[in-house]
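# Summary of structural features
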Amino acid sequence: IRGTMSLRDTLTDLSFDYVEWNDGIGHSGMINSAKWFFENIAKQLCMFAEEYQMERIILTGHSLGGATASITTIMLTDELKRLGNWPICPKTKLPINIHCYSYG
């Protein structure tokens, strides 16, 4: 996930509202970015990983993208645990690993 690159991204970075999230507080702009990514892309990654027999999903990003990747990874793993529907790699018959690498 790319980092800050546009005026809109800069405004997201500058959203100084902190909101309650996941038993703590978080930066509202970064959480909203992660929610968008989670709702529009992350779930599809699981379907693609199963379809193409991938053994892992890696989310990565820099700057705002790193924060978005980190929060999205937490959202995705929490949702999969809650649903009890973790994606399985058809080739190995093992759960697909989900990792995040974030760069500041």
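I will try to describe carefully the structure that is included in this document. (Residues numbered from 1 in each chain as written. Predicted model: local features only at pLDDT ≥ 70, side-chain atom pairs only at ≥ 80, totals over all residues. Heavy atoms only, no water.)

Time to look at the environment of W21. Examined against the element boundaries, W21 turns out to sit in strand β1 (residues 18-21). With relative accessibility at 22%, the residue W21 sits in the partly exposed group. Through-space distance from the C-alpha of W21 to that of I31 is 8.3 Å; in sequence the pair is 10 residues apart. Setting aside chain neighbours within four positions, we find W21 in contact with I31, I71, I74 and M75. (Helix = DSSP H or I, 4+ residues; strand = E, 2+ residues; numbered from the N terminus. Buried < 20%, exposed > 50% of the residue type's maximum accessible area, 1.4 Å probe, protein only. Contact = heavy atoms within 4.5 Å.)

Two elements, β1 and strand β2 (residues 24-27), share four bridges in a ladder whose sense is antiparallel. Bridging from a neighbouring strand, Y18 pairs with H27 of β2. Taking the residues that link successive antiparallel strands as the turn, the β1-β2 hairpin has two residues, and the phi of N22 there is positive, at about 55 degrees. (Pairing = 2+ DSSP bridges.)

Residues of strand β3 (residues 56-62) alternate between two faces, with I57, L59 and G61 buried on one and R56, I58, T60 and H62 left unburied on the opposite face. Assessed by its sense of winding, the connection that carries the chain from β3 through helix α3 (residues 64-83) to strand β4 (residues 97-103) is right-handed. (Right-handed = clockwise from strand over helix to strand, strands pointing away.)

Across the interface, helix α2 (residues 28-51) lies against α3 with an axial gap of 8 Å and an inter-helix angle of 55 degrees. Classified by the angle between their axes, α2 and α3 sit oblique to one another. As α2 packs across α3, the resulting crossing turns out to be right-handed. Residues M30, I31, S33, A34, K35, F37, F38, A42, K43 and C46 of α2 touch α3, and the partners they reach there are L64, A67, T68, I71, T72, M75, L76, E79 and L80. Split into classes, the residues belonging to the contact of α2 with α3 amount to 13 nonpolar, three polar and three charged. (Axes fitted to C-alpha atoms, helices over the stretch in contact; angles between N-to-C directions. Parallel < 35°, antiparallel > 145°, perpendicular 65-115°, else oblique. Left-handed = near helix turned anticlockwise from the far one by under 90°. Nonpolar A, V, L, I, M, F, W, Y, C, P; charged D, E, K, R; others polar.)

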